[in-house]
Amino acid sequence: MWKIILVLFVGFFTFSFNMNLFETFMKIPILPLGVWILYFILRSKDGRWERYRQYAWLGFLANFLFVMLTLASVGLQYVIYPPSNIATYISDVERATVINTHPVAEDVTLQKDIVMKQLSTMKQTEFFSDQWYEETYMYGEPNTRKERFPYQVIGVQGKWGSNVPTTIFIEEDGKGLLIATPKKQYYFRSDVVFLKGVKNK
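What you see is a predicted model; the values in this text were computed from it and never measured.

Notes on the sheet that holds strand β9 (residues 185-189)
Read from one edge of the open sheet, six strands run β3-β6-β7-β8-β9-β5, paired in antiparallel fashion. Only two strands of the sheet have a single neighbouring strand rather than two, namely β3 (97-100) and β5 (123-124). Pairing of β5 with β9, which is carried by two bridges, proceeds in the antiparallel orientation. In the strand pairing of β9, K123 is matched with R189.

Take a look at the structure:
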């Protein structure tokens, strides 16, 4: 039995092609290196290769099983936790608080009831990153430059089981949310102001 386990383990080794599919790093097996190694080791011993080759190939084919399981989990992740749905990142704001991240930011408070009511209507929209970069970094002194997202909200709970680490910024007018994940940024817009204390601009 221990020899079969060893053959399965060695057969698992492959020359793989690395690719990023659906924002997920995957290794696609191409050449069965482990099978070749076992063949050259066992071919000179009477009947050894014939006895163990099915387990060697089984180890190699296990790589494809892992690839299929990864693809299935990614598809399931997109169905249960769609990245374009704000509820994936914000489902509970009971412990949320707003902190200022820029000198020009005003003292504001998060209107939690309004945020929760707006979640069902907030949609992902286009985010003008080039325009934001020019407004933020091209003009004026660092302390007086315009900052489009001068507030950060902490203590927000995402949808149960999503486990997506996020950093959430609030737009200066109190209507926009910029949600930054390790892979991408998402911009959502509300119809009403959900920050108390912002000035109309």
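From this point, the narrative continues.
So, the confidence of the model for the protein
This prediction gives the protein a mean pLDDT of 83; 88% of its residues lie at or above 70. Helix α5 (residues 129-138) is the least confidently modelled element of the protein, averaging 58 in pLDDT, while strand β7 (residues 167-170) averages 93, the highest of any element.

Points about the packing of aromatic side chains
Inspection of every chain in the model, using the stated rule, returns eight aromatic pairs. Arranged with centres 5.7 Å apart and planes meeting at 85°, the rings of F12 and F66 form a pair that is edge-to-face. One end of the pair, F12, is in the loop between α1 (2-11) and β1 (15-21); the other, F66, is in helix α3 (residues 48-80), and 54 residues separate them in sequence. With a centroid separation of 5.3 Å and 80° between ring planes, the pair formed by Y39 and W49 is classed as edge-to-face. Residue Y39 is located in helix α2 (residues 33-42), and its partner W49 is located in helix α3; the two are separated by ten residues in the primary sequence. Of the residues examined, Y39 reaches a relative accessible area of 34% and is grouped as partly exposed. Here a set of aromatic residues connected by ring pairs shows up, and it is made of Y39, F40 and W49. Residue placement shows R148 over the ring face of Y187; its charged tip is 5.6 Å from the ring centre.

Describing the environment of W57
Take W57: it is sitting in helix α3. Assessed through its relative accessible area of 37%, W57 is described here as partly exposed. Taking the C-alpha atoms as reference, W57 lies 9.2 Å from V7; in sequence the two are 50 residues apart. Ignoring anything within four residues of it in the chain, the contact list for W57 reads P32, V35 and W49.

Section: the pattern of salt bridges
Considering all chains together, one arrives at three salt bridges under this definition. E171 is paired through a salt bridge with R148; the nearest N and O atoms lie 2.9 Å apart. Of the two residues, E171 is situated in the loop between β7 and β8 (176-180) and R148 in the loop between α5 and β6 (151-154); the sequence distance between them amounts to 23 residues. Side by side, E171 and R148 carry an identical accessibility label, which is buried. Across the pair E171 and R189 runs a salt bridge, and its minimum N-O distance is 2.8 Å. Linking E171 in the loop between β7 and β8 with R189 in strand β9, this pair joins segments that are 18 residues apart in sequence. Classification of E171 as buried rests on a relative accessible area of 7%. With relative accessibility at 28%, the residue R189 sits in the partly exposed group. Several salt bridges share partner residues, and in doing so they unite R148, E171, D173 and R189 into one network.

The rules behind these values
Residues numbered from 1 in each chain as written. Predicted model: local features only at pLDDT ≥ 70, side-chain atom pairs only at ≥ 80, totals over all residues. Heavy atoms only, no water. Pairing = 2+ DSSP bridges. Helix = DSSP H or I, 4+ residues; strand = E, 2+ residues; numbered from the N terminus. pLDDT = per-residue confidence, 0-100. Phe/Tyr/Trp six-rings, centres within 6.5 Å; stacked < 30°, edge-to-face > 60°. Buried < 20%, exposed > 50% of the residue type's maximum accessible area, 1.4 Å probe, protein only. Lys NZ or Arg CZ within 6 Å of the ring centre and 35° of its normal. Contact = heavy atoms within 4.5 Å. Salt bridge = Lys/Arg side-chain N within 4 Å of Asp/Glu carboxyl O.

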